[in-house]
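Geometric and topological summary
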Amino acid sequence: MQRNTAKHFLFALFAFLIAFSVHAEKLPNIMILATGGTIAGSGATSTTTVGYTAATVGVQQLINAVPELAKISNVTGEQVFQIASESMTNEHWLTLGKRVNVLLAQPNVDGIVITHGTDTLEETAYFLNLVVKSRKPVVLVGAMRPGTALSADGPINLYNAVLIAGSQEAIGKGVLVALGDQIHGARDVTKTNTSTPDSFKTPELGMLGYVQGPKAFFYHSTTRKHTVDSEFDISNLSALPQVDIVYGYANMNSVALNAFIAAGAKGIIHAGTGDGSVAAKVKPDLAAARKNGTVIVRASRVGNGILARNGEANDDELDFVVADTLSPQKARILLMLGMTKTSNTKELQRMFYTY
Ligand code: DGL
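Residues numbered from 1 in each chain as written. Predicted model: local features only at pLDDT ≥ 70, side-chain atom pairs only at ≥ 80, totals over all residues. Heavy atoms only, no water.

When helices and strands are counted, the protein chain shows 11 helices and 14 strands. Dimensions of the protein chain, computed from C-alpha atoms along their principal axes, come out at roughly 95 × 45 × 35 Å. For the protein chain, with 355 residues in total, the buried portion stands at 49%. When contacts within the protein chain are restricted to residue pairs at least 6 apart in sequence, those whose partners lie at least 24 apart make up 72%. Accessible surface, the protein chain: about 16,200 Å² in total, of which carbon and sulfur atoms supply 55%. Within the protein chain, the 28 negative side-chain charges are centred at a point lying 5 Å from the centre of the 30 positive side-chain charges. (Helix = DSSP H or I, 4+ residues; strand = E, 2+ residues; numbered from the N terminus. Buried < 20%, exposed > 50% of the residue type's maximum accessible area, 1.4 Å probe, protein only. Contact = heavy atoms within 4.5 Å. Areas by Shrake-Rupley, 256 points an atom, 1.4 Å probe, with all protein chains shown as cover. Lys, Arg positive; Asp, Glu negative; His and termini not counted. Charge placed at Lys NZ, Arg CZ, Asp CG, Glu CD.)

To continue, consider the site of the ligand. By nearness alone, every residue bordering the ligand is listed as Gly37, Thr38, Tyr52, Ala84, Ser85, Glu86, Gly117, Thr118, Asp119 and Ala143. Contact between the ligand and Thr38: an oxygen atom at 2.8 Å from a main-chain N or O atom of the residue. Take Ser85: an N or O atom from its side chain is 2.5 Å from an oxygen atom of the ligand. Burial of the ligand by the protein amounts to 91% of the accessible area it has alone, namely 280 Å². Taken together, the residues of the shell around the ligand break down into three nonpolar, five polar and two charged. (Near = heavy atom within 4 Å. Polar contact = N/O pair within 3.5 Å; in protein donor to acceptor, adjacent residues only side chain to side chain. Nonpolar A, V, L, I, M, F, W, Y, C, P; charged D, E, K, R; others polar.)

A few words now on the sheet that holds strand β13 (residues 295-300). In a beta sheet, neighbouring strands pair by backbone hydrogen bonds and run either parallel or antiparallel. Strand order in the open sheet formed by four strands is β11-β12-β13-β14, with parallel pairing between adjacent strands. Only two strands of the sheet have a single partner each, and these edge strands are β11 (243-247) and β14 (321-322). Sheet topology places strand β12 (residues 267-272) next to β13; six bridges connect them, and they run parallel. Across the sheet, Gly272 pairs through a bridge with Ser300, a residue of β13. Here helix α10 (residues 328-338) sits on the sheet and contacts β11, β12 and β13; the angle it forms with β12, its principal contact strand, is near 160°. (Pairing = 2+ DSSP bridges. Axes fitted to C-alpha atoms, helices over the stretch in contact; angles between N-to-C directions.)

The geometry of helix α4 (residues 90-104) relative to helix α5 (residues 121-131) is characterised by a closest axis approach of 10 Å and an angle of 50° between their N-to-C directions. As the angle between them shows, α4 and α5 are arranged oblique. As for the relative orientation of α4 and α5, their crossing is right-handed in sense. Residue-level inspection shows Trp93, Leu94, Leu96, Gly97 and Asn101 of α4 in contact with α5, the latter providing Glu123, Thr124, Phe127, Leu128 and Val131. When the residues that make up the contact of α4 with α5 are grouped by side-chain class, the tally is six nonpolar, three polar and one charged. (Parallel < 35°, antiparallel > 145°, perpendicular 65-115°, else oblique. Left-handed = near helix turned anticlockwise from the far one by under 90°.)

Of all residues in the protein chain, 97% have pLDDT values of 70 or greater, and the mean over the chain is 95. α5 holds the highest mean pLDDT among the elements of the protein chain, 99, whereas helix α1 (residues 2-26) holds the lowest, 72. (pLDDT = per-residue confidence, 0-100.)

Here we take up the pairing of β13. Regular strands have side chains that alternate between both faces of the sheet. Among the six residues of β13, six are classified as buried, and the element is accordingly described as predominantly covered. Burial along β13 is two-sided: the face carrying Val295, Val297 and Ala299 and the face carrying Ile296, Arg298 and Ser300 are both buried. Tracing the backbone out of β12, into helix α8 (residues 283-291) and back to the parallel element β13 gives a crossover that is right-handed. Here two bridges tie β13 to β14, and the two strands are oriented parallel to one another. Bridged to Val297 within β14 is Val321. (Right-handed = clockwise from strand over helix to strand, strands pointing away.)

An ideal rise of 1.5 Å per residue puts 21 Å on 15 residues; α4 measures up with 21 Å between its terminal C-alpha atoms. At its buried positions, α4 is contacted by β1 (29-36), β2 (74-83), β3 (111-115), α5, β4 (138-141) and α10. (Expected span 1.5 Å × (residues − 1).)

Inside soluble globular proteins, nonpolar side chains tend to come together where they are buried. Counting 55 residues, the largest nonpolar core has Ile112 and Phe127 as the members making the most contacts within it. If you tally residues by element for this core, the top one is α5, at seven residues. Residues contacting Ile112, with those up to four places away along its chain left out, are Met31, Leu33, Val100, Leu103, Leu104, Pro137, Val138, Val139 and Ala165. Membership of the second largest hydrophobic core comes to 31 residues, among which are Val66, Ala161, Ala178 and Phe218. (Core = buried A, V, L, I, M, F, W, Y, C linked by side-chain atoms within 4.5 Å.)

A separate point is the sheet that holds β4. Reading across the sheet, the eight strands line up as β2-β1-β3-β4-β5-β6-β9-β10 and stay open at both edges, with mixed pairing between neighbours. The open sheet terminates on both sides in strands that have one partner only, identified here as β2 and β10 (215-218). When strand polarity is set aside, the average angle formed by the axes of neighbouring strands in this sheet is 25°. As paired elements, β1 and β2 share seven bridges and run parallel to each other.

What follows is the structure, encoded as structure tokens:
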């Protein structure tokens, strides 16, 4: 009798292991690369939603907090760095971008989720959108509340991001951003609120879709080039050209502009008022900077709309580039990558109409 029971038990165990491994084989293999931020943050109390400490919880703890991940994917965590994202640097971006490309080249990696602080999440997403050399999904995810808070949004955002990264529908869509059950494209998404969970939006140009239940639903895709169709390659880059942003406002002067140039800026993003307007007392300095070899891109502080060439400034005569619909912070990323290939302003303008 005992021998029979043991035989049945071993048979049942063997059958379970086969079934589990077949099921696991069917699940997508998703790498979770952790960089820090609020999603990895902790606060003193359950009602601390501001004044908490970002970047304190490790990637394995983030994964362990969402056991449901094992039902939709085979996840592996990697702590790439652990920072609050306002401290993100070009060097961090190059490290992260190269690591993403190495991992996506591996046949046993089906997609990547990057946990990230929300302050510069849109910038990292756009940078990766221009340098990732794969059609496999890359999804950036953050949280507006630390994991210690009531109704923390991190765990569900992480679950949704992994679900999207493992979905067929996300393949070839470019780098994505997933918070609040929404799917946004890297180029046009932006953080619109300092603290509320619905902070990430794609104003006017529109988000790409939703996550609902066990599925990702896409309704749009970007018209601009990205990932495998991008001309930018960071594999041999150890640094990016220094590009800084000058903010436009009433009573503006050229002190910041001249300081950036004196510090070695190769390019300047002028985040002007309205349609990228340049104050009368700043325009001569901006024109002089261009004549001395600094690339000038006119962008707008406004947040939406096309930056019209030869509208608020004679760009043809001044040899300025215009940012199209890119925010100043994203125009800076495209100009940095563009200047790894050329300083020709006609070529750079083409890039702003392409990506
Ligand atoms: N320090 C901010 C950051 O790491 C916290 C904001 C957040 O992650 O939501 O971006």
